[in-house]
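Here's the letter readout for the chains.
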Amino acid sequence: MNTVKIEVVDEDGNPIKDAKVVVLTGEGSGKPYFTDENGICKVKLPFTLGFVKIEVVKEGYERQAEELYCQTTFRKIILRKERKVVEKREVVKEAPKPI
């Protein structure tokens, strides 16, 4: 079993606390890990060879999934802020009715 240090930051390089990091296996998702105040968590990878997929989730940010080589010891992941779609509505005034 290999342990990898994951660092999660925003686009400005600021650490993201309490981001959920999950190792995805063929059988579904594994144990969730959460980043500390420095944006870091240590994840135990269940395999010694090959690749696994990790997913990082934090409210207000876009979900990020990446493949990770099992012998990796460090990975920095950058989360982007969620893009909010604002519905644009056109306001139309009715013309005054003739008297």
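Residues numbered from 1 in each chain as written. Predicted model: local features only at pLDDT ≥ 70, side-chain atom pairs only at ≥ 80, totals over all residues. Heavy atoms only, no water.

A. Geometry of the pairing of strand β1 (residues 2–10). Burial analysis of β1 places 7 of its 9 residues in the buried class, which makes it a mostly covered element. Here β1 pairs with strand β4 (residues 40–45) via 6 bridges, running antiparallel. Paired with Lys5 across the bridge in β4 is Lys42. Here 6 bridges tie β1 to strand β7 (residues 74–79), and the two strands are oriented parallel to one another. Note on β7: the bridge partner recorded for Lys5 is Phe74. (Buried < 20%, exposed > 50% of the residue type's maximum accessible area, 1.4 Å probe, protein only. Helix = DSSP H or I, 4+ residues; strand = E, 2+ residues; numbered from the N terminus. Pairing = 2+ DSSP bridges.)

B. Structural view of the pattern of salt bridges. Enumeration over the complete set of coordinates arrives at 3 salt bridges. Glu66 serves as the salt-bridge partner of Arg75, at 2.5 Å between the closest nitrogen and oxygen. With relative accessibility at 19%, the residue Glu66 sits in the buried group. (Salt bridge = Lys/Arg side-chain N within 4 Å of Asp/Glu carboxyl O.)

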